[in-house]
Amino acid sequence: QVQLVESGGGLVQAGGSLRLSCAASGRTFSSYVMGWFRQAPGKERDFVAVITGSGGDTKYADSVKGRFTISRDNAKSTVYLQMNSLKPEDTAVYYCAADRDIPFIPYLPIRRNLYGYWGRGTQVTVSS
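Because the structure is a prediction, the values reported are computed rather than measured.

The rules behind the values
- Residues numbered from 1 in each chain as written.
- Predicted model: local features only at pLDDT ≥ 70, side-chain atom pairs only at ≥ 80, totals over all residues.
- Heavy atoms only, no water.
- Buried < 20%, exposed > 50% of the residue type's maximum accessible area, 1.4 Å probe, protein only.
- Helix = DSSP H or I, 4+ residues; strand = E, 2+ residues; numbered from the N terminus.
- Pairing = 2+ DSSP bridges.
- Disulfide = S-S within 2.5 Å.

Some words on the pairing of strand β9 (residues 92-100)
Of all nine residues that make up β9, seven are buried, and the element is covered over most of its length. Sheet analysis places strand β4 (residues 32-39) next to β9, joined by eight bridges and oriented antiparallel. Paired with Gln-39 across the strands is Val-93, a residue of β9. In the sheet, β9 pairs with strand β11 (residues 122-127) via three bridges, with the strands oriented antiparallel. Pairing of Tyr-94 across the sheet is with Thr-122, part of β11.

Structural notes on the state of the cysteines
On inspection of all chains with the given rule, the structure shows one disulfide. Between the sulfur atoms of Cys-22 and its disulfide mate Cys-96 the distance is 1.9 Å. Here the disulfide of Cys-22 and Cys-96 is right-handed, its torsion about the S-S bond being about 45 degrees. Of the two residues, Cys-22 sits in strand β3 (residues 18-24) while Cys-96 sits in strand β9, which places them 74 residues apart along the sequence. Across the pair, exposure class does not vary: Cys-22 and Cys-96 are buried alike.

This is the structure:
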């Protein structure tokens, strides 16, 4: 069982930056792939970024590539999402999610139904 708690959301002006954190419970954090998703009002929950258990591989949605960076600290059981050059269209509730990693291959799931564990989300609002 993995419990996830997001933090770091808030209100920021366009062009600004925020860093989201997601703290996980449990002692096997490094065996989980960690993803970030976001959901704007009236829209589906969309993939943002994912990182393998070792942190060696990442994947991003085209809409955030070059602006967002996902990273993790396995000693702290925490995954981060550094968001730079924020735009009003980045406004959403951001969720972190976990799925069991698959050894020896770069497993980078982008479909939300592949993730078994979810946090409650943190609101990010970008003003124009």
